[in-house]
Amino acid sequence: MRLAELSARSGVSTATIKYYLREGLLPPGRRVTATQAEYDEEHLRRLRLVRAMIQVGRIPVNSAREVLAALGDGELGPGERLGTAVWALPHGPAPDEADPATESARHTADALLDRMGWAREKAERTERGPAYGMLVTAIAALARLGYPCAVDDLAPYARAVEAIAVSDLDLVERYATPDEQVEAAVALTVLYEPVLLSLRRLAEAEESVRRFGGA
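Remember, predicted model here, so these are calculated numbers, not experimental data.

1. Examining the overall build of the protein chain
Okay, so step 1: Counting secondary structure elements, the protein chain contains nine helices and two strands.
Okay, so step 2: Mapped in sequence order, the helices and strands of the protein chain form the string α-α-β-β-α-α-α-α-α-α-α.
Okay, so step 3: Compactness check: the protein chain gives a C-alpha radius of gyration of 21 Å against a globular reference of 17 Å for 215 residues, more than 25% above the reference.
Okay, so step 4: Projected onto its principal axes, the C-alpha positions of the protein chain cover 70 × 50 × 30 Å.
Okay, so step 5: Buried positions account for 33% of the 215 residues belonging to the protein chain.
Okay, so step 6: Within the protein chain, residue pairs in contact and separated by at least 24 positions form 61% of the contacts whose partners lie at least 6 positions apart.
Okay, so step 7: Looking at the protein chain, you have 26 positive and 32 negative side-chain charges, and the mean spots of the two groups are 6 Å apart.

2. A closer look at helix α7 (residues 130-144)
Count 3.6 residues to each turn of an α-helix, and residues three or four apart come out pointing the same way.
Okay, so step 1: Over its 15 residues, α7 runs 21 Å from end to end, which matches the ideal 21 Å to within 8%, given 1.5 Å per residue.
Okay, so step 2: Looking at the packing, one finds that the buried side of α7 touches α6 (100-116) and α8 (151-172).
Okay, so step 3: After α7 finishes, the residue Gly146 shows a positive phi value of roughly 80 degrees.

3. With respect to the confidence of the model for the protein chain
Reading predicted coordinates in detail is not appropriate for stretches of low pLDDT.
Okay, so step 1: In the predicted model, the protein chain carries a mean pLDDT of 88, and the fraction of residues at 70 or more is 95%.
Okay, so step 2: Mean pLDDT per element in the protein chain: helix α5 (residues 78-87) is the minimum at 80, and α8 is the maximum at 96.

Reading the values: rules and limits
- Residues numbered from 1 in each chain as written.
- Predicted model: local features only at pLDDT ≥ 70, side-chain atom pairs only at ≥ 80, totals over all residues.
- Heavy atoms only, no water.
- Helix = DSSP H or I, 4+ residues; strand = E, 2+ residues; numbered from the N terminus.
- Rg over C-alpha atoms; globule rule 2.2 N^0.38 Å.
- Buried < 20%, exposed > 50% of the residue type's maximum accessible area, 1.4 Å probe, protein only.
- Contact = heavy atoms within 4.5 Å.
- Lys, Arg positive; Asp, Glu negative; His and termini not counted.
- Charge placed at Lys NZ, Arg CZ, Asp CG, Glu CD.
- Expected span 1.5 Å × (residues − 1).
- pLDDT = per-residue confidence, 0-100.

Pasting the structure below:
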């Protein structure tokens, strides 16, 4: 297909496709003339992946390039490829190491992960990535404001999301190829987070009526 058809089928403008080509996020097409190239279904698939990362996941271009490099690394297993993609997603602020609450929050996070059986050796905790940092930051904020944030308070949430993680990976495994699975992991992580938030609030409303009555 020519560039115009690739744009029409993908929903991505020709200007954006040209930008992705310049940035090396999309492989060049087969040159047919000095000014024109042809693209195939693999280009369409890659374009959908790039769009999911940048336009849906809001991953910076440099991070998207790292994800694509991981996809092309034959030595990485499926789990490593998926992990690379999700790691690159935008996350909340890193822990404030100047905050006295941070060190205590890190101990709480480690104890929670130990209880759940998710914990690695403590020497490896710094490699957990931005999600671990988000957890520490959130616990520190709860502690500063005097809200419950002990391991016993957090464990029910961890058990709930552990079940959700199984559903997440079940959805990802519906897709056949590594490219499709990474695309799904990025898109579903981003798009299902508002679903989780809205369902939580709806469930809280139901539980509130059950406990306290009223509308």
